[in-house]
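Take a look at the letters that make up each chain.
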Amino acid sequence: MDGAGGPGEGPAQQALQALSRRLQVQEKEMELVKAALAEALRLLRLQAPPSSLQDPPSSLRDPGPTAPTGASPAAPAALPPPCSPSLVSRGTQTETELEMEASLATPRLSNGPPAPQGGSEEPGGTQSEGGGSSSSGAGSPGGAGSPGGAGSPGILRLVQPPQCTDTARRNSSSSSPCERPRQKLSRKAASSANLLLRSGSTESRGGKDPLSSPGGSGSRRSNYNLEGISVKMFLRGRPITMYIPSGIRSLEELPSGPPPETLSLDWVYGYRGRDSRSNLFVLRSGEVVYFIACVVVLYRPGGGPGGPGGGGQRHYRGHTDCVRCLAVHPDGVRVASGQTAGVDKDGKPLQPVVHVWDSETLLKLQEIGLGAFERGVGALAFSVVDQGAFLCVVDDSNEHMLSVWDCSRGTKLAEIKSTNDSVLAVGFSPRDSSCIVTSGKSHVHFWNWSGAVGAPGNGTLTRKQGVFGKYKKPKFIPCFVFLPEGDILTGDSEGNILTWGRSLSDAKTPGRGGAKETYGIVAQAHAHEGSIFALCLRRDGTVLSGGGRDRRLVQWGPGLVALQEAEIPEHFGAVRAIAEGPGSELLVGTTKNALLRGDLAQGFSPVIQGHTDELWGLCTHPFQNRFLTCGHDRQLCLWDGEAHALAWSIDLKETGLCADFHPSGAVVAVGLNTGRWLVLDTETREIVSDVTDGNEQLSVVRYSPDGLHLAIGSHDNMIYIYSVSSDGAKSSRVGRCVGHSSFITHLDWSKDGKFIMSNSGDYEILYWNVAAGCKLERNRYDNRDREWATYTCVLGFHVYGVWPDGSDGTDINSLCRSHNERVVAVADDFCKVHLFQYPCARAKAPSLVYGGHGSHVTSVRFTHNDSHLISLGGKDASIFQWRVLGAGGSGPAPPATPSRTPSLSPASSLDV
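Residues numbered from 1 in each chain as written. Predicted model: local features only at pLDDT ≥ 70, side-chain atom pairs only at ≥ 80, totals over all residues. Heavy atoms only, no water.

Looking up the protein chain in an unreviewed UniProt entry gives the name Echinoderm microtubule-associated protein-like 3, with the organism given as Pipistrellus nathusii. In its Sequence similarities (unreviewed entry) section, the UniProt record describing the protein chain reads: "Belongs to the WD repeat EMAP family." (UniProt positions renumbered as here; feature names shortened; annotations may be inferred.)

(A) Region of the structure containing the UniProt feature "repeat: WD" (unreviewed entry) in the protein chain. With numbering aligned to this structure, UniProt lists the feature "repeat: WD" (unreviewed entry) at residues 608-640, 737-778 and 850-884. Between the first and last C-alpha atoms of residues 608-640 the distance is 12 Å; the span itself is 0% helix and 58% strand. Across residues 850-884, helical content stands at 0% and strand content at 54%; the span's end C-alpha atoms are separated by 12 Å. (Helix = DSSP H or I, 4+ residues; strand = E, 2+ residues; numbered from the N terminus.)

(B) Representation of the sheet that holds strand S20 (residues 435-440) in the model. Pairing is antiparallel across the open sheet formed by four strands, whose spatial order is S19-S20-S21-S22. Each end of this open sheet is capped by a strand with a single partner; those strands are strand S19 (423-428) and strand S22 (460-465). For this sheet, the mean inter-axis angle between neighbouring strands, taken without regard to orientation, is 25 degrees. Where S19 lies against S20, five bridges are found, and the strand directions are antiparallel. Paired with valine 426 across the strands is threonine 438, a residue of S20. (Pairing = 2+ DSSP bridges. Axes fitted to C-alpha atoms, helices over the stretch in contact; angles between N-to-C directions.)

(C) Up close: the confidence of the model for the protein chain. Here the protein chain averages 78 in pLDDT, and 72% of its residues register 70 or above. Taking the mean pLDDT of every element in the protein chain, the minimum, 29, falls on helix H5 (residues 220-224) and the maximum, 98, on strand S55 (residues 857-862). Here residues 1-8 is a poorly scored stretch, pLDDT under 50, and it has three contacts once near neighbours within four places are set aside; other chains count. Low confidence marks residues 303-309, where pLDDT is under 50. Its contacts with residues over four positions away, or in another chain, come to 16 contacts. (pLDDT = per-residue confidence, 0-100. Contact = heavy atoms within 4.5 Å.)

(D) Spatial organisation of the side chain of serine 383. Counting through the fold element by element, serine 383 comes out in the loop between strand S15 (377-382) and strand S16 (390-395). Residue contacts for serine 383: discarding those within four places in its chain leaves Pro330, Gly388, Ala389, Phe390, Phe428 and Ser433.

(E) Representation of the pattern of salt bridges in the model. This model, assessed by the stated rule, comprises 27 salt bridges. Of the charged contacts in the structure, one is a salt bridge between lysine 751 and glutamate 787, with a shortest N-O distance of 3.8 Å. Pair noted here: lysine 751 is in the loop between strand S47 (744-749) and strand S48 (755-760) and glutamate 787 is in the loop between strand S50 (775-776) and strand S51 (812-817), with a separation of 36 residues, a long-range link. Residue lysine 751 is classed as partly exposed on the basis of its relative accessible area of 41%. We note a salt bridge from glutamate 821 to lysine 751, for which the minimum N-O separation is 3.1 Å. With glutamate 821 in the loop between S51 and strand S52 (823-828) and lysine 751 in the loop between S47 and S48, the pair connects residues that are 70 residues apart, well separated along the chain. The exposure class assigned to glutamate 821 is partly exposed, which follows from its relative accessible area of 31%. Via salt bridges that share partners, Lys751, Glu787, Arg817 and Glu821 belong to a single interconnected network. (Salt bridge = Lys/Arg side-chain N within 4 Å of Asp/Glu carboxyl O. Buried < 20%, exposed > 50% of the residue type's maximum accessible area, 1.4 Å probe, protein only.)

(F) Fine view of the pairing of strand S10 (residues 334-339). Where burial is concerned, most of S10 is hidden: five out of the six residues are buried. Relative to S10, strand S9 (residues 323-328) is paired through five bridges, and the arrangement is antiparallel. Each bridged residue has a counterpart across the sheet, and for valine 328 the counterpart in S10 is valine 335. Counting the residues that bridge the hairpin from S9 to S10 gives five residues, and of these glycine 332 lies at a positive phi of roughly 70 degrees. The pairing of S10 with strand S13 (residues 354-358) spans five bridges and is antiparallel. Note that in S13 the partner of serine 337 across the bridge is histidine 355.

(G) Region of the structure containing the packing of aromatic side chains. Taken as a whole and judged by the stated rule, the model has 19 aromatic pairs. Both rings, one in tyrosine 271 and one in tyrosine 290, keep their centres 5.8 Å apart while their planes meet at 70 degrees; by these two values the pair is edge-to-face. Here tyrosine 271 is found in the loop between strand S4 (262-269) and strand S5 (281-282), whereas its partner tyrosine 290 is found in strand S6 (residues 288-292), with 19 residues between them in sequence. For tyrosine 271, a relative accessible area of 0% puts it in the buried group. (Phe/Tyr/Trp six-rings, centres within 6.5 Å; stacked < 30°, edge-to-face > 60°.)

Below you can see the structure in the form of structure tokens.
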């Protein structure tokens, strides 16, 4: 209603709308009650079930895990042995038991109308194995009561009691009628974890199709969900039924234990220059040390200055969260690295800490400040004059606490609140360890540290603020450097280099520093347009400065006289950090996460490159050791896995979310966040096709194994099918797969290229007959033996064991089966990569777990020959290349140490 209506018209209209909504809800509730009553009457008619399909009433079995194994009576010889208690969920019951209970006790309301299977249709015209339908019929726990099923979301339904054991039936009279609904609802809520239900079985799978057993359509529901036919898991309380392939007689015969294959981190693509400082140094060994995600990389360049890469990498992986800063000891061997705070899978805080470690052995020597820092470690530095005996640390708390630590003992010697403004850099004077300098937002502070060295916590820190006087006070002072004669140069956001000179104050202060020195500005030079991000003192006494906006590297002589300069190409970004290599060689880190190598005379070329924003799209080449990535930085990058280098990159102008190579390798399809998808020639990088399907983002693109079709999964709940020419350059739409009730998340083609299996955001598993015109396969049982060319769907019988207990359905972002079908890799929401045996169809399957990413892992893919696994970090913008070792791999498997990590609720996993 607009403002022109009467004064009472608005509230009246709202009241009418509220009454209308309430009426709709009541009508839906009545429909559910009617359907439940009809089901109860049907169950009463089944008082004499066939003896060949279920035990007599006296042999009711308790499926609950609380019952002793030996307590169950022996099953008839024609039936498989009772399912193991570890494979049966608490709070569930099989349909056979429900029907037998109906013949012995007062009928109760089920949680939805009967759902005939085979050719039956559910509301909306779809029938899924997941939450979109009641795949196990009315008697199945949570079947039609899940969102997107037969009932409407958010409406309470009468459900079967979650537990239905002999004991529960005998003691059912102990609960009053008004208490039973509350008990049912509480048990139903408790079943939102990954509960698995092994249903009853037919007498012989090979000789009798449970879907076509006698008894008419009304009895099919009770027959197909029998022992050995299906398993059921729950995500957020929603049932997901998966049919067991006919070749598997028992889940116990499937492989158990972690896989014989293991992973070893081979290469890390990327460098964190976008939002961090103090992140690039050269060690005594000549290795370049920097960090990305939770990994500190030690990189040995190959080739000459300015030439191509080709060196090797080693990795320090002792951190549990993202590394934020580095400092190298004066001996050029020891390294200090500080990490940010975080939380583990269970929400427990991971405290920031500083690791001091040996760069030759990669062994941790000291852990400093565990529990002493807040939020993270922002900056740190070793002392110089006393052989690096002390470490100065600034944390990321509101007060930016400044502390001094004894490196050998790990004890705190002094601590003080520095400032409420950001602190970007800290350093000891190379002439006197009692002088410490910090700089950051609108300040330069000169600290005097005094006190007994041997008494932890007894030292004091006093501050003197730098005064700018007649000079303009800059907004930020990101960097500074000590000159040999004792002066200090600072680089600021105005593009100026200020020289701070020393002078002795009149007062004498006792302590390690002796006479108290003060600093004042003695000179100023305008060096760059825009901010100065880095200053570096060279071995010959000259100084290098790196600009932000102008991307210039300038070498300065005495008196700040410019001697030489070079400009960094625009596509690499601004200068973030500078390190001096052997001879005239320089290493430059940039704000676009690139590491450049060269000199001022010959220029610079990249040796390490990476993305600058969140990554999602990943695909591997069908017959080369190459892979392609895309993400929110709108860059499409092709990487050479053998040369460990970027082959090419292009600007997509839009966010890329998914990609897939044509089987010929000649073209690649890329899905964007606007509904557009592109096909590019991998050699010329030209766009050969540009198509738009809807206006929602695309989540998956996948070519059929023969390359004749392309499937596009969209957030508009549809899968678009295109026929493709032999070279992949031309395509035409042949149909749409319509039936999902939520956005498409994953899909795979069958080996014959005629069928598709797809997952959606509401945990549906649907099958599509593309050859028959994109028809939804209503008889899902017939697809249990279908072979899939790839397996990337996160929901399915062959992979349901990868899901952790208590999962909310979003814990697993990506999954990939190896081409030899031996292992499956999983990317989770807790920064981990898991490796399971395949098939992984046992509850609480054990896995090997690998850390290193500092954000949710968004995608994993095996290379064409399974020699490597590629994983993408989300927000950390990192790409990890893992070498597959062990059985079928390229080398011996390193020993794995068993541990219980928070991210491994699937079971007893091994953290590597």
